[in-house]
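Notes for the structure review
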Amino acid sequence: DNFLLLGGLVVVKIRWRGKALASMLRWDTSEAVLSSSVLPWLQRTFDRPAAAERLRKDPWELTAMVEPTVSGIKRSVAVLRRVGAGRLVFMK
């Protein structure tokens, strides 16, 4: 996930790493990377930030995986359901 802060001056990128177990995704770890093209000295990496860890603790169920054609381009779409929270759709 990417988030923009301070009007886009600072970018926060959160990465989750884990394993696919049958139709479940179990996240093992997370990290947040702060960066800025305007303030290059600001680059920082945080292992297991609290906000990401709260989202990481519950498993995600893979409910659908499809490859539709969008605007003439074949895309990969994954639909995930987080236990007790809702759905999330990723398109590549």
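Residues numbered from 1 in each chain as written. Predicted model: local features only at pLDDT ≥ 70, side-chain atom pairs only at ≥ 80, totals over all residues. Heavy atoms only, no water.

A closer look at the overall build of the chain
- Tallying secondary structure elements over the chain gives one helix and nine strands in all.
- Along its sequence from the N terminus, the chain presents helices and strands in the succession β-β-β-β-α-β-β-β-β-β.
- The C-alpha radius of gyration computed for the chain amounts to 16 Å, which surpasses the reference 12 Å derived for 92 residues by more than 25%, pointing to a less compact arrangement than a globule.
- With respect to the three principal axes, the spread of C-alpha positions in the chain is 40 × 35 × 20 Å.
- In the chain, buried positions account for 24% of the 92 residues.
- For the chain, the exposed surface amounts to about 6,600 Å²; the carbon and sulfur share of it is 59%. (Helix = DSSP H or I, 4+ residues; strand = E, 2+ residues; numbered from the N terminus. Rg over C-alpha atoms; globule rule 2.2 N^0.38 Å. Buried < 20%, exposed > 50% of the residue type's maximum accessible area, 1.4 Å probe, protein only. Areas by Shrake-Rupley, 256 points an atom, 1.4 Å probe, with all protein chains shown as cover.)

Notes on the pairing of strand S2 (residues 10–21)
- Relative to strand S3 (residues 24–35), S2 runs antiparallel, the two sharing 11 bridges. When the sheet's bridge partners are listed, Arg17 is paired in S3 with Thr29.
- Counted between consecutive antiparallel strands, the loop separating S2 from S3 contains two residues, among which Ala22 sits at a positive phi close to 55 degrees. (Pairing = 2+ DSSP bridges.)

Overview of the pattern of salt bridges
- This model, assessed by the stated rule, comprises five salt bridges.
- Arg81 is the salt-bridge partner of Glu61, the closest N and O atoms lying 2.8 Å from each other. Highlighted residues: Glu61 in strand S5 (residues 60–66) and Arg81 in strand S8 (residues 77–82), separated in sequence by 20 residues.
- Put simply, Glu67 and Lys74 hold a salt bridge, and the shortest N to O gap is 3.4 Å.
- Of the residues examined, Lys74 reaches a relative accessible area of 58% and is grouped as exposed.
- In the salt-bridge network here, residues are joined through shared partners; they are Arg15, Arg17 and Glu31. (Salt bridge = Lys/Arg side-chain N within 4 Å of Asp/Glu carboxyl O.)

Here we look at the confidence of the model for the chain
- For the chain, per-residue confidence averages 80 on the pLDDT scale, and 91% of positions sit at 70 or higher.
- Here strand S1 (residues 2–5) stands out as the least confident element of the chain, with mean pLDDT 61; strand S7 (residues 73–74) is the most confident, with 90. (pLDDT = per-residue confidence, 0-100.)

A short note on the side chain of Ser30
- Considering the arrangement of structural elements, one finds Ser30 in strand S3.
- Classification of Ser30 by relative accessible area gives buried; the value is 2%.

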